[in-house]
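Here's the letter readout for the chains.
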Amino acid sequence: MTDHTFDVVVVGGAGVDTTVYVPELPLPYADTYAVPPVVDRIGNTGAGVALGCHALGLRVKFVDLIGDDPQGALIRGHLAARGVDFAHAVSEAGTRRSVLLVGPDGRRLSLFDPRVVPGQRMPAGLYLPALRAARHAHISIVDFARHAYADIPDGTTVSTDLHDWDGENPHHEDFAYSSDLVFLSAAKLGGRREEVMRAIAERGRASVVVCTAGAEGCHVLAVPERSRGEIPEQGRGEVRHFPAEPLPGPMADSDGAGDAFVSGFLYGRLAGRPLEECVRLGAVAGAHACTSEGTHEDPIGPDALLDALP
C-alpha cells in the first residue's frame, strides 16, 4: 500500500462571505433596510470542505489562488488559526467574494463575485506535490481547477461538488464527468433530477452521484460495478432517497450545509464505511452546519458525527 501524506487535497474554492441578515426573502424593494451587524467571514466551497475534513481529523492540504488583499489575509488568518495546511498563489483579480442574504428561516440568497481571470492557470508546483501525496482529491468548480484533473495520479480518487448545476451549463462538464464521486444540488433540476444524475454516471466515471435537496434529504445513484473495475450498466442502478437528519439545535442559517455534507460523506468514504453510513454522516454534518451562524465557523468534530450512528 502506498503511503500518503494527505487524506484529502482540496484544489480551489476559498473566498470571503459578507453575510447580511434580512427580514424576509425575497426582499421587497426599499430604499433602506436596517439590518443586524454585517459580518465578513471565510466562505466558499473549497474552504468549507477543507475546514470540515480537517475538523474531522483528516489530514488536509488546501491549495488555491487568492488575492493579495484584505479578503485574502482573512482567509490565510482563519486557516492558520485552525491549523489547516494551506498553500496559495496570488490572483491579480483579487479574492472571490459572496454577499449572502439570509432570511429569518435560515434560507439564503448568494450573490457571487468569482473574480474570473480568463485562461488563468494554477502553477503546477503549487498543487502537483500535494496531489502526488494524496489519498483523495476534491476539485472545486473554479475554472482554473479543472486543469488539475490531468495531473491526478492513478489510484487517487476524486470528488467534486457541482452545486446548483442545471445539467446543461458546459462550465461544469469537466468536473461532472471526470470525478469518481459527484455531489450536486437539486435546486435547478426540477423533474430532471434523475435524468441528470444518470447522465453524469453514463457520460463520466462516477461510481456515486449524490443530489442533495435540503430539508427533503438527498438522492443517491450508486454504480457499484464501476468501483470493482467492471463495465457498468448505469441505467440499471436505483436512485435511492435518504431523509435529512434533524437539526441538533435551533436553525441559524443554511450557509455551508452542502460543504459540511461533503466533508461528512468523505470522512465515511475514506474510512471504508458502507454507502448508507456515508450518506448518514454527510446528513448529520450538514444538519450541524445549519445550527451555526456563518458558512464554516463551527464544523462538526468526529465524536459528535459518529454519535449519530447506531
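Here, residues in each chain are numbered from 1, in the same order as that chain's written sequence. Totals for whole chains, interfaces and linings use every residue, but because this is a predicted model, local features are given only for residues with pLDDT of at least 70 and side-chain atom pairs only at 80 or more, for both listing and counting. Note that the side-chain values use all heavy atoms of the structure and ignore hydrogens as well as water.

Peer 1: I keep staring at the sheet that holds strand S2 (residues 15-21) and nothing clicks. Help me out?
Peer 2: Whenever strands of a sheet pair, they do so through backbone hydrogen bonds, lying parallel or antiparallel. If DSSP finds at least two bridges between two strands, the strands pair. The helix and strand labels rest on DSSP assignments: H or I over at least four residues marks a helix, E over at least two residues marks a strand, and numbering proceeds from the N terminus. The 4 strands lie next to each other as S3-S2-S6-S7, forming an open sheet whose pairing is mixed. Sheet topology places strand S3 (39-43) and strand S7 (108-113) at the edges, where each strand pairs with a single neighbour. For this sheet, the mean angle separating the axes of adjacent strands, direction not counted, is 25 degrees. Note: S2 against S3, 5 bridges, orientation antiparallel. Helix axes use the C-alpha atoms of the stretch in contact, all axes being lines fitted to C-alpha atoms, and the angles between their N-to-C directions lie in the range 0 to 180 degrees.

Peer 1: I tried to follow the pairing of S7 on my own but got confused; where do I start?
Peer 2: Consecutive residues of a regular strand have side chains that alternate between opposite faces of the sheet. With 6 bridges connecting them, strand S6 (residues 97-102) and S7 associate as antiparallel partners. Looking at S7, one finds that Val99 is bridged to Leu111. Linking two consecutive strands that pair antiparallel, namely S6 and S7, is a turn of 5 residues; a positive phi of about 90 degrees is found at Gly106 within it.

Peer 1: Got a minute to help me understand the packing of helix H7 (residues 257-270) against helix H8 (residues 275-289) in this structure?
Peer 2: Packed helix pairs are characterised by how far apart their axes lie and by the angle those axes make with each other. Across the interface, H7 lies against H8 with an axial gap of 7 Å and an inter-helix angle of 145 degrees. The hand of the H7/H8 crossing is right-handed. Residues Ala257, Ala260, Phe261, Gly264, Phe265, Tyr267, Gly268 and Arg269 of H7 pack against Leu275, Cys278, Val279, Leu281, Gly282, Ala283, Ala285, Gly286 and Ala289 of H8. Gly is put with the polar residues, along with every residue not named as nonpolar or charged; the nonpolar set is Ala, Val, Leu, Ile, Met, Phe, Trp, Tyr, Cys and Pro, and the charged set is Asp, Glu, Lys and Arg. Of the residues that constitute the contact of H7 with H8, the class distribution is 12 nonpolar, 4 polar and 1 charged. By convention the crossing between two helices is left-handed if the near helix lies anticlockwise of the far one by an angle smaller than a right angle, and right-handed if it lies clockwise. The contact rule is simple, with two residues in contact once any of their heavy atoms fall within 4.5 Å.

Peer 1: Which parts of the structure should I look at to understand the packing of aromatic side chains?
Peer 2: Within a pair of aromatic rings, the relevant descriptors are the distance that separates the centres and the angle that separates the planes. Between rings of Phe, Tyr and Trp, where Trp is taken as its six-membered ring, a pair exists when centres lie within 6.5 Å; planes separated by under 30 degrees are stacked, by over 60 edge-to-face, and by other angles tilted. This structure, assessed with the given rule, holds 6 aromatic pairs. On the numbers, 5.1 Å between centres and 45 degrees between planes, the contact of Phe62 with Phe86 is tilted. Taken together, the residues Phe62 in strand S4 (residues 60-66) and Phe86 in strand S5 (residues 85-90) connect sequence positions 24 residues apart. Ring centres 5.4 Å apart and planes at 85 degrees place the aromatic pair Phe183 and Phe265 in the edge-to-face group.

Peer 1: Any chance you could explain the nonpolar core here in plain terms?
Peer 2: Side chains that are nonpolar tend, in soluble globular proteins, to be buried together. Remark: nonpolar core denotes a set of buried residues (Ala, Val, Leu, Ile, Met, Phe, Trp, Tyr, Cys) joined through side-chain atoms within 4.5 Å. Accessible area is worked out with a 1.4 Å probe on protein chains only. A residue is then buried under 20% of its type maximum, exposed over 50%, and partly exposed in between. Counting 46 residues, the largest nonpolar core has Phe62, Ile75, Leu79, Val210, Val220, Phe265 and Leu305 as the members making the most contacts within it. Look past the residues within four positions of Phe62 in its chain and what remains in contact with it is Val10, Gly12, Gly13, Ala14, Gly46, Ala47, Ala50, Leu79, Val84, Asp85, Phe86 and Ala87. Core analysis: the next-biggest nonpolar cluster, separate from the first, contains 43 residues, Ala87, Ala130, Ala137 and Ala201 among them.

Peer 1: For this particular structure, what's the right way to read H7?
Peer 2: The span expected for a helix works out to 1.5 Å for each residue beyond the first. Taking 1.5 Å of rise per residue, the 14 residues of H7 would be expected to cover 20 Å, and the 20 Å separating its terminal C-alpha atoms lies within 8% of that figure. In terms of residue burial, H7 counts as a mostly covered element, since 12 of its 14 residues are buried. Where H7 ends, the next residue or the one after it, Gly272, has phi of about 80 degrees, a positive value.

Peer 1: What exactly am I supposed to notice about the packing of helix H1 (residues 45-55) against H7 here?
Peer 2: At a closest axis distance of 8 Å, the pairing of H1 and H7 adopts a crossing angle of 40 degrees. On the basis of the axis angle, H1 is oblique to H7. As H1 runs across H7, the sense of the crossing is right-handed. Contacts between H1 and H7 involve Thr45, Gly48, Val49, Gly52 and Cys53 from the first element and Asp259, Val262, Ser263 and Leu266 from the second. When its residues are assigned to classes, the contact of H1 with H7 shows 4 nonpolar, 4 polar and 1 charged. Between 65 and 115 degrees an angle is taken as roughly perpendicular, under 35 as roughly parallel, over 145 as roughly antiparallel, and anywhere else as oblique.

Purely geometric numbers; function is a separate question.
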